[in-house]
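Breakdown of the fold
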Amino acid sequence: MAGKRVIITGVPGVGKTTVIEESMKRLAEENVPYRAINFGSCMFETAKSEGFAEDRDQMRNLDRDVQKDLQKLAARRIGAMEGNIIIDTHASVKTPAGYLPGLPAWVLTEIHPDTVVLVETDEDQILMRRMGDESRRRDAEGCRSIAEHQAFNRAFAASYAMMTGCTVHIVRNENFLLDHAIDALVAVLR
Ligand code: AP5
């Protein structure tokens, strides 16, 4: 398999998609080829066509086995892609049944990541970003719950590193400091 596979994770609303999009622009200027894939979009294509979900925010409330099947299909599609790939996804997904691993063994064996990146910032900033985004149907959560999710994500990322030998990076995406986050991510991707 040729190319580098970098998995970018972070709790909803931390700004991972924003950091990825801006980093892709920087990499294009430097002629470093990357393709960015949104894992949730790959899952949603199947979920929608099979009638399981009408919007992406419904997916985390689906039956756990359905979510796992959607995960497997998405991982297989992404695993077959060539070249340098960024995968925008989640270390864990908060579901009514508990934290669902975003990258269980059957996903990791398809994708073979080189690196897992955790995009993080203070939980009060995440809460404010979620409240400001009217385009999504976010779960109602307080700062303590968001902090717990970020802590769990570090534990999940460590287990993914143990399973695959991939490295783990933490990128901070703080208010008014998006450029710092882009610098940090581009350094990982170069
Ligand atoms: P996904 O597509 O990842 O959606 P999400 O979790 O809701 O993430 P978003 O893309 O909405 O948020 P973001 O953190 O990227 O923030 P954004 O850049 O928009 O996943 C959708 C669903 O797919 C999941 O819920 C799950 O069901 C499923 N799924 C995905 N992967 C899965 C997996 N592996 N296994 C199982 N299920 C999976 O930014 C948010 C806001 O912050 C914006 O307004 C932005 O302008 C602002 N912002 C960003 N950076 C800054 C900054 N530095 N300062 C100030 N504001 C900022």
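Residues numbered from 1 in each chain as written. Predicted model: local features only at pLDDT ≥ 70, side-chain atom pairs only at ≥ 80, totals over all residues. Heavy atoms only, no water.

**Re the pattern of salt bridges**
Cut-off, in case you're wondering: Throughout this description, the term salt bridge denotes a Lys or Arg side-chain nitrogen within 4 Å of a carboxyl oxygen of Asp or Glu. Only DSSP runs of H or I with at least four residues qualify as helices, and only runs of E with at least two residues qualify as strands; both kinds are numbered from the N terminus onward. For every residue, the accessible area obtained with a 1.4 Å probe (protein chains only) is divided by the maximum for its type, and the residue is called buried under 20%, exposed over 50%, and partly exposed between those limits.
According to the stated counting rule, one finds 16 salt bridges in the structure shown. Between K25 and E22 there is a salt bridge whose closest N-O contact spans 3.0 Å. In this pair, K25 and E22 are both assigned in helix α1 (residues 16-29), three residues apart and thus about one turn of the helix distant. On the basis of relative accessibility, which here comes to 48%, the residue K25 falls in the partly exposed class. Note that E120 and R154 form a salt bridge whose closest N and O atoms lie 2.8 Å from each other. Here R154 lies in helix α6 (residues 143-164) and E120 lies in strand β6 (residues 115-120), a separation of 34 residues in the sequence. Taken together, the salt bridges that share partners define one network made up of D57, R60, R136 and D139.

**Focus on the environment of A36**
Let me state the cut-off plainly: Throughout, a residue-residue contact means that at least one pair of heavy atoms, one from each residue, lies within 4.5 Å.
Position of A36 relative to the elements: it lies in strand β2 (residues 35-38). For A36, a relative accessible area of 39% gives the class partly exposed. Here the alpha-carbon distance between A36 and L177, two residues 141 residues apart in the chain, equals 22 Å. Excluding residues within four positions of it along the chain, A36 makes contact with I20, M24 and I86.

**Brief notes about the packing of aromatic side chains**
In this description, a pair of aromatic rings is defined by centroid distance and the angle of the planes. Formally: In this analysis, rings of Phe, Tyr and Trp, with Trp reduced to its six-membered ring, are considered paired at centre separations within 6.5 Å, and the interplanar angle assigns stacked below 30 degrees, edge-to-face beyond 60, and tilted for intermediate values. Definition used: whenever NZ (Lys) or CZ (Arg) falls within 6 Å of the ring centre and also within 35 degrees of the ring normal, the charge is taken to sit over that ring.
If you walk through the whole model with that rule in mind, you get three aromatic pairs. Taken together, a centroid distance of 4.3 Å and an interplanar angle of 25° make the contact between Y99 and F152 stacked. One end of the pair, Y99, is in strand β5 (residues 98-101); the other, F152, is in helix α6, with 53 residues separating them in the sequence. One aromatic cluster is present, built from ring pairs that chain together Y99, F152, F156 and Y160. If you follow K72 out to its NZ or CZ, it ends over the ring of W106, 5.2 Å from the centre.

**Examining the packing of α1 against helix α7 (residues 178-189)**
We count it as follows: Angular values range over 0 to 180 degrees, each being the angle between N-to-C directions of two axes fitted as lines to C-alpha atoms, with helices fitted over their stretch in contact. Note on angle classes: values under 35 degrees are labelled roughly parallel, values over 145 roughly antiparallel, values of 65 to 115 roughly perpendicular, and the remainder oblique. We call a crossing left-handed when the near helix sits turned anticlockwise from the far one by less than a right angle, and right-handed when that turn is clockwise. When residue character is reported, Ala, Val, Leu, Ile, Met, Phe, Trp, Tyr, Cys and Pro are called nonpolar, Asp, Glu, Lys and Arg charged, and the others, Gly included, polar.
Relative orientation of the contacting elements α1 and α7 amounts to 60°, with a least axis distance of 9 Å. Taken together, the axes of α1 and α7 lie oblique to each other. For α1 against α7, the interelement crossing comes out right-handed. Contacts between α1 and α7 involve T18, V19, I20, E22, S23, R26 and L27 on the former and, on the latter, L178, D179, A181, I182, D183, L185, V186 and L189. Its residues assigned to classes, the contact of α1 with α7 comprises nine nonpolar, two polar and four charged.

**Looking at the sheet that holds β2**
Applied cut-off: Between any two strands, pairing holds if DSSP finds at least two bridges.
Strand order in the open sheet made by the five strands is β2-β3-β1-β6-β7, with parallel pairing throughout. The strands lining the two open edges of the sheet, one partner per strand, are β2 and β7 (167-172). With strand direction ignored, the average angle separating the axes of adjacent strands in the sheet is 25°. Packing of α6 onto the sheet brings it into contact with β6 and β7, and relative to β6 it is tilted by some 170°.

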